[in-house]
Amino acid sequence: MPISSPFPVTPLFEWNYTAKEQTIINQGGTNSGKTYSILQVLCMRAIETPKTIITVTSDTLPSLKTGALRDMDDIVNSIPFFENELLSVNKTDKIYYFKNRSFIEFKVFPNEILAQKGGKRDYLFINEPNRYPYKIFEQLWLRTNKQTYIDYNPRVSFWVHDRLIGEKNVKLLLSNYTHNGHFDKDGNWNSFVGASTIEKIESNKTKGFDKYGNIIDDYAANMWNVYGLGKTGQLSGVVFPNVRWVSELPTENIKKTGFGLDFGYNDPTVLVKLVLCQGQLFAKCLLYESELTNQQIAKRFEALGLKKGLRNGSLIICDSSEPKSIKELRKLNWRCKACVKGEGSILSGIKKLKSYGTLNFVSNKHVKEEQRNYIWKVNKIDGRTTEQPEDNY
């Protein structure tokens, strides 16, 4: 779309609007205009083709309300071009209807099942998917006919980096606050970012680096790289930062071996093998699969070569919140026992694992994703990390 459009456009708008790839990834710093520009593009798609269906989603409804929905309201209420094309807004269902029978819906999909039942669409936009499970994305993406847009601040690498970037028919757009503006008719650049905001963003560069570019403050340097430049950040605030990825479990000098099982259904059922070798803890994820019945779990045990027997079989320590499942597996002759839980048991377990120092995990994409997303809660008042882990991933 040319610069002489009926509304001012940013470089990001043009990059996204002209992209032909099936998946367009927008990685960028704060105030780069990613979300706003993508929503403008989607409004254009809705207007250009009648009966176009567009879905915008994020991990939670509050995230959607304070992010994409707020920007959408501003777009249709402050830009006459879009305001004239809009027919109505259903505030309850969060659907924007256009005069040509196209619509943009804002929805949240808590699990894969609801994503499967969410229907087909022409365009999909996932806002801030950093804490969005890949399997939910996959179900939505499979039901998207034309293009999928993704935008995020790259606080740390996640499934977008592992599974999408570099793949065929995927375009990566990098941006930062210097891209959030437009050229006027005389060719002068006008930034949409205020001077005070730019000063705040750039303050982390001054705090984080000396005049030679050497890091003098790790936190500020990381903030500048992520929110200033839009570069992928380093892990911070994760519960288990010291993980060494290995190729296989040791086979000699083993002191103890055991298995841990976490039940799930919509969430994955996970089985991990643990090995204590020369004072170091090693682990391997053997099972990471959703929608498994207890009968199917038992078959997976057998296929993995676990030993049956209530007395001498492989000891499997299970999630104690599923006593019926444990009982059923024991009836099938598997040596399953509930773990001991109580007040403070989560923190106690974390401290016990950390007592081994670096955790040695056989490299696994699911485990890497879980490790990156298992983080300490942040105090909303002072922004400091607490000693309570997040329990919603």
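The preceding data block contains the structure.
A word on the sheet that holds strand β1 (residues 23–28)
Piece 1. Pairing in this open sheet of 8 strands is mixed, and the strands run β3-β4-β5-β2-β6-β7-β1-β8 from one edge to the other. The open sheet is flanked by β3 (86–90) and β8 (170–175), the only strands paired with a single partner. Going from strand to strand, the sheet's axes swing by 15 degrees on average, the running direction of each strand aside.
Piece 2. Of the pairings in the sheet, the one linking β1 to strand β7 (residues 144–152) comprises 5 bridges and is parallel in character. In the sheet register, Asn26 faces β7, and the bridge partner there is Asp151.

As for helix α14 (residues 365–373)
Piece 1. Within the span of α14, buried status applies to His366, Val367, Glu369, Gln371, Arg372 and Asn373.
Piece 2. Residues of α14 that are buried in the fold lie against α7 (134–142), α8 (159–164), β11 (243–246), β14 (280–289) and β17 (359–362).
Piece 3. Capping the start of α14, Asn364 holds a side-chain oxygen 2.8 Å from the backbone nitrogen of His366, two or three residues further along.

Some remarks on the packing of helix α9 (residues 195–208) against helix α10 (residues 218–228)
Piece 1. Running from N to C, α9 and α10 cross one another at 145 degrees; their axes reach a closest spacing of 7 Å. When the axes of α9 and α10 are compared, the crossing they make is left-handed. On α10, the residues that touch Ile201, Glu202, Asn204, Lys205, Lys207 and Gly208 of α9 are Ala220, Ala221, Met223, Trp224, Tyr227 and Gly228.
Piece 2. The class makeup of the residues in the contact of α9 with α10 is 6 nonpolar, 3 polar and 3 charged.

Description of the environment of Thr385
Piece 1. Residue position: Thr385 is located in strand β19 (residues 385–389).
Piece 2. It is 14 Å that separates the C-alpha atoms of Thr385 and Pro241, two residues lying 144 residues apart in sequence.
Piece 3. Excluding anything up to four places from it in sequence, Thr385 contacts Trp376, Lys377 and Val378.

Quick look at the packing of aromatic side chains
Aromatic ring pairs are described here by two measures, namely the spacing of the ring centres and the angle between the planes.
Piece 1. For the coordinates displayed, the defined rule picks out 18 aromatic pairs.
Piece 2. Seen from their ring centres, Trp245 and Phe361 are 6.3 Å apart, and the 45 degrees between their planes marks the pair as tilted. A residue pair is termed long-range when its members are at least 10 positions apart, and Trp245 in strand β11 and Phe361 in strand β17 qualify at 116 residues.
Piece 3. A residue is classified by how much of its surface remains accessible, and Trp245, at 29% relative accessible area, is partly exposed.
Piece 4. For Phe361, a relative accessible area of 17% translates into the label buried.

Re the pattern of salt bridges
Piece 1. All chains considered together, the criterion is met by 7 salt bridges.
Piece 2. Between Asp162 and Arg372 there is a salt bridge whose closest N-O contact spans 2.6 Å. Residue Asp162 is located in helix α8, and its partner Arg372 is located in helix α14; the two are separated by 210 residues in the primary sequence.
Piece 3. We classify Arg372 as buried; its relative accessible area is 9%.
Piece 4. Note that Asp319 is salt-bridged to Lys341, the shortest N-O span being 3.6 Å. In this pair, Asp319 is assigned in the loop between β15 (316–318) and α12 (323–331) and Lys341 in the loop between β16 (336–338) and α13 (345–354), connecting sequence segments 22 residues apart.
Piece 5. Using a relative accessible area of 53% as the deciding quantity, one classes Lys341 as exposed.

Calculation criteria
Residues numbered from 1 in each chain as written. Predicted model: local features only at pLDDT ≥ 70, side-chain atom pairs only at ≥ 80, totals over all residues. Heavy atoms only, no water. Pairing = 2+ DSSP bridges. Helix = DSSP H or I, 4+ residues; strand = E, 2+ residues; numbered from the N terminus. Axes fitted to C-alpha atoms, helices over the stretch in contact; angles between N-to-C directions. Buried < 20%, exposed > 50% of the residue type's maximum accessible area, 1.4 Å probe, protein only. Contact = heavy atoms within 4.5 Å. Polar contact = N/O pair within 3.5 Å; in protein donor to acceptor, adjacent residues only side chain to side chain. Left-handed = near helix turned anticlockwise from the far one by under 90°. Nonpolar A, V, L, I, M, F, W, Y, C, P; charged D, E, K, R; others polar. Phe/Tyr/Trp six-rings, centres within 6.5 Å; stacked < 30°, edge-to-face > 60°. Salt bridge = Lys/Arg side-chain N within 4 Å of Asp/Glu carboxyl O.

Purely geometric numbers; function is a separate question.
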